[in-house]
Amino acid sequence: MDIVLYCLAIVIAAVITGLLGYFMVPFLHKIKFGQTIREVGPSWHKNKQGTPTMGGIMFIIGSSVAAVICIAFLWLNGGAETQLMFVKVVAGALMAVGFGIVGFLDDYISIKKHRNLGLTEIQKLILQFIIVGAYLLSVALAGGTTETVIPFLGSVDLGFFYYILAAVFIVGMVNAVNFTDGIDGLNTSVTLVVALVFSVIAMLLNRVGLSLYAAAIVGAMIGFLFWNANPAKVFMGDTGSLFLGGAVCALAFGVDMPILLILIGIIYIVEILSVVLQVTYFKISHGKRIFKMAPIHHHFEMCGWNENKICFVFSGVTLLAGILGVLLAVFGC
């Protein structure tokens, strides 16, 4: 039954997300919600100017509907897990939606003001920390502990520092996922693999509800890739990328091994580090650069890689890291 629900979650999310594109893409065109391309980006990205953005709404709806249907069916038929796991799944999903709302506000403001930037960095950070605080508080009230599982070390109790580290980790990772969204299909394909890996880990740890939520994300990415693969007919925008950041963090914390996200989400980490290193080195060297352009996917573009190749290689790296992550989750604990 669990496998059937797992497959159903993927199918429902993929179908709903894919079908929504037939309505959302023309609608976004009609109301002129097109992407503003940065002046500092690759010159050949200029032909993407005006491509509809905020397409993340499609997979937020698709994944949410699929998760609600399948998880509700699971629990109504005697498959209920502990109250803590219920809260982790629901609060995690709501955290992802909360980040999506912040992204929506950012996209909406940038479109209305005809610029690439919407909310200020301070505004986004304040909203993001409020959302993370609500998530961590919900889990704590449901009986969550300050312990985290580290492969080969077991459960480690971090005490009060757990909440500080968790909040910083989630906000940082969410923004790392946001930086990964820069070329057609990249964030979609990478996150598809990340969600697939966590769905396997959750299934092996018998956390069925969480596995179903991960499966819904996988299906939504499949449905969205139909519209987002090169050449993209729609972009996810911050609406989508911040939602995905929240979703993968919810999955990592749901299996009590957020540290695995550093490995499984290695592409996210490399993307944000490339920006940090580029900016830092540019300042201390008075104008010199490490990469031809940051984030690092643009560096590979400048080196002659096409967008499909970048997506294939980055997703492949994620898959290899994910396989190692599964092994660590199963045999390292």
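Before any of the text, the structure's been laid out above.
Anyway, here's the lowdown on the structure attached to this text. Bear in mind the structure is a predicted one, so any value in this text is a computation, not a measurement. (Residues numbered from 1 in each chain as written. Predicted model: local features only at pLDDT ≥ 70, side-chain atom pairs only at ≥ 80, totals over all residues. Heavy atoms only, no water.)

Notes on the overall build of the protein
Scanning the protein from N- to C-terminus turns up 12 helices and 2 strands. In sequence order, the protein lays out its α and β elements as α-α-α-α-β-β-α-α-α-α-α-α-α-α. For 333 residues, the compact-globule estimate of 2.2 N^0.38 gives 20 Å, and the C-alpha radius of gyration of the protein, at 19 Å, lies within 12% of that figure. Relative to its 333 residues, the protein shows a buried fraction of 53%. Summed over all atoms, the accessible surface of the protein reaches about 14900 Å², with 73% contributed by carbon and sulfur. Positive and negative side-chain charges in the protein, numbering 17 and 15 respectively, have mean positions lying 12 Å apart. (Helix = DSSP H or I, 4+ residues; strand = E, 2+ residues; numbered from the N terminus. Rg over C-alpha atoms; globule rule 2.2 N^0.38 Å. Buried < 20%, exposed > 50% of the residue type's maximum accessible area, 1.4 Å probe, protein only. Areas by Shrake-Rupley, 256 points an atom, 1.4 Å probe, with all protein chains shown as cover. Lys, Arg positive; Asp, Glu negative; His and termini not counted. Charge placed at Lys NZ, Arg CZ, Asp CG, Glu CD.)

Some details on the side chain of Asp106
Counting through the fold element by element, Asp106 comes out in helix H3 (residues 83-112). Given the relative accessible area of 4%, Asp106 is considered buried. Polar contacts involving the side chain of Asp106 include one to the main-chain amide nitrogen of Leu119, which spans 2.6 Å. (Polar contact = N/O pair within 3.5 Å; in protein donor to acceptor, adjacent residues only side chain to side chain.)

What about helix H5 (residues 161-179)?
Between its first and last C-alpha, H5 extends 27 Å over 19 residues, near the 27 Å set by a 1.5 Å rise per residue. Residues Tyr162, Ala166, Ala167, Phe169, Ile170, Val171, Met173, Val174, Asn175, Ala176, Val177 and Asn178 constitute the buried set of H5. (Expected span 1.5 Å × (residues − 1).)

Details of the nonpolar core
Ranked by internal contacts, the top residues of the largest apolar core, which has 99 residues, are Phe59, Ile170, Phe198, Ile201, Tyr213 and Leu261. The element best represented in this core is helix H7 (residues 208-228), accounting for 13 residues. Those residues within four positions of Leu261 in sequence are excluded, and the remaining contacts are Phe169, Met173, Val194, Phe198, Val248, Cys249, Ala252 and Ile266. (Core = buried A, V, L, I, M, F, W, Y, C linked by side-chain atoms within 4.5 Å. Contact = heavy atoms within 4.5 Å.)

Re the packing of aromatic side chains
For the coordinates displayed, the defined rule picks out 11 aromatic pairs. Measuring from centroid to centroid gives 4.9 Å for Tyr22 and Trp227, while their planes differ by 85°, and the two rings are edge-to-face. Here Tyr22 is found in helix H1 (residues 2-30), whereas its partner Trp227 is found in helix H7, with 205 residues between them in sequence. A ring pair is formed by Tyr162 and Tyr163, whose centres lie 5.5 Å apart and whose planes are at 85°; its orientation type is edge-to-face. (Phe/Tyr/Trp six-rings, centres within 6.5 Å; stacked < 30°, edge-to-face > 60°.)

Considerations on the pattern of salt bridges
One pass over the full model with this rule turns up 4 salt bridges. With its nearest N and O atoms 2.9 Å apart, the salt bridge here joins Arg207 to Asp256. On the criterion of sequence distance, the pair formed by Arg207 in the loop between helix H6 (186-204) and H7 and Asp256 in the loop between helix H8 (237-254) and helix H9 (260-264) is long-range, its members being 49 residues apart. Here the residues in one salt-bridge network are Lys88, Arg207 and Asp256, joined through shared partners. (Salt bridge = Lys/Arg side-chain N within 4 Å of Asp/Glu carboxyl O.)

Looking at the environment of Phe73
Mapped onto the fold, Phe73 is located in helix H2 (residues 56-76). Given a relative accessible area of 39%, Phe73 falls into the partly exposed group. Between the C-alpha atom of Phe73 and that of Leu5, which follows or precedes it by 68 residues, the distance is 8.5 Å.

A few points about helix H4 (residues 121-141)
With 21 residues, H4 extends 30 Å between its outermost C-alpha atoms, agreeing within 8% with the 30 Å of an ideal straight helix rising 1.5 Å per residue. Turning to H4, its buried residues number three or more, namely Lys124, Gln128, Ile131, Val132, Tyr135, Leu136 and Val139. Projection of H4 onto a plane perpendicular to its axis shows the buried side chains occupying an angular sector of 130°, all on one side. Residues of H4 that are exposed and point more than 90 degrees away from the buried face comprise Ile122, Ile130, Leu137 and Leu141. Lining the buried residues of H4 we find H3, H5 and H8. Just beyond H4, the residue with positive phi is Gly143, at close to 105°. (Arc of directions from axis to C-beta.)

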